[in-house]
Amino acid sequence: MNISDKQKKILTLLADGEFHSGTELAVELGISRSAVWKQLNGLAELGLSHSAVSGKGYRLDKSLELLVASKINEVVNDQVGALISSLEIHDQIDSTNRYLVERAQNNALSGSVCFAEYQTAGKGRRGRQWVSPYGCNIYLSILWRFQQGPAAISGLSLAVGVAVIRALKEHKIDNIGLKWPNDIYSQGKKLGGILVEVSGETDGPCSAVIGLGLNLFLPESEAQSITQAWTDLSRITGQNRLFRNKLAGILLNHLLPVIAEYESVGIKAYLDEWRDYDCLSGKVATLFIGQQQFEGIVQGIDDNGMLLIKRPDGNVQTFASGEVSFSDSVLQ
Ligand code: BTN
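Before going into details, it helps to say that this report is about the structure given with it. Just so we're clear, the structure is a prediction, and the values are computed from it rather than from any experiment.

Counting 65 residues, the largest nonpolar core has Leu-168, Leu-252 and Leu-255 as its most contacted members. Two domains share this core, each providing at least three of its residues, namely domain 2 (69–276) and domain 3 (280–330). With sequence-adjacent residues up to four places away left out, Leu-255 is seen in contact with Leu-140, Ile-142, Val-160, Ala-163, Val-164 and Leu-212. Core analysis: the second largest hydrophobic core is formed by 20 residues, Leu-14, Ala-15, Leu-25 and Ile-31 among them.

If you want it as structure tokens, here you go:
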């Protein structure tokens, strides 16, 4: 569903989670009170439910902190500000990654940054959908151009994972882990994911769109289609104010330098930290590659960022891609 300008205005007024009378909303929007009611009911389709109390008016069931470029820019430091060529916030878009891939084909500059409040076709890894309800989470993509070909940036998504954990730590959120290859994890549940889409010739320059989806407040009702265990920052921290704009700025402060220097420093600069956050190492796991399954005990990652699994015959096998499912048993 598309958000109309009127609905955006209502949301901005109701974002504080306080009651606003139908008359106030009608005056602000220049529409009738019954039209206000209609617009509000339409918002329920986006997972934005509200209560109506006679004599008080309307209130969103959950307050929202909508993304605002000036608030994000207040947090972005000068070094990172110089790496950002544009910062867009879309109220709704099909996918921030798809958008920047298209913009890259039309000569958009390195350092183009795109956030969205709502994605109608958010992309996850392996063709999955990324559930992207309005105003609750972070959906962020960054376009970066590299001088060398895709091989020079293999492992970039692992370094991006490290940058996300650094940002969460700065935002006072600890004990978050990484699950190979691209997941942000907490207590056995997925909190976020990274999707890097690279285009370019094997030996020429390439561009990458680095996408991050991070759950802050994921309503149960919206998450029904998610087939794996999931969580969000409000459940992890027990907080219902997470300062979305501040977190968005902090994420940029950590992500952009890591992306910008990756071509010269490579995965080696991030291996130790990645291993500190590795939540798979030592676990009994199954790696799925297409129809094939490989069981064993995860031995962490090698110096190229590949997954190491000790197979039942005692051999340690190296894997470049795949999807891991694991149980909480830890074997030595
Ligand atoms: C995964 O499957 O774990 C990766 C999820 C990546 C989701 C983000 S949300 C922002 C960006 N735009 C997209 O369409 N996908 C990525």
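Moving on from the model shown.
With respect to spatial proximity, 20 residues lie near the ligand, and among them Ser-95, Thr-96, Lys-123, Arg-125 and Lys-190 are the closest. Here Asn-97 contributes a backbone N or O atom positioned 3.4 Å from a nitrogen atom of the ligand. The separation between an oxygen atom of the ligand and a polar side-chain atom of Lys-190 is 2.6 Å. Against a free-state accessible area of 410 Å², the protein chains account for coverage of 99% of the ligand. By residue number, the principal contributor to the shell around the ligand is strand E8 (residues 189–200), which donates 4 residues. In the shell around the ligand, the residues fall into 6 nonpolar, 10 polar and 4 charged.

Scoring rules and cut-offs
- Residues numbered from 1 in each chain as written.
- Predicted model: local features only at pLDDT ≥ 70, side-chain atom pairs only at ≥ 80, totals over all residues.
- Heavy atoms only, no water.
- Core = buried A, V, L, I, M, F, W, Y, C linked by side-chain atoms within 4.5 Å.
- Buried < 20%, exposed > 50% of the residue type's maximum accessible area, 1.4 Å probe, protein only.
- Domains from an automatic or database assignment.
- Contact = heavy atoms within 4.5 Å.
- Near = heavy atom within 4 Å.
- Polar contact = N/O pair within 3.5 Å; in protein donor to acceptor, adjacent residues only side chain to side chain.
- Areas by Shrake-Rupley, 256 points an atom, 1.4 Å probe, with all protein chains shown as cover.
- Helix = DSSP H or I, 4+ residues; strand = E, 2+ residues; numbered from the N terminus.
- Nonpolar A, V, L, I, M, F, W, Y, C, P; charged D, E, K, R; others polar.

By themselves, these are just geometric observations and shouldn't be taken as functional.
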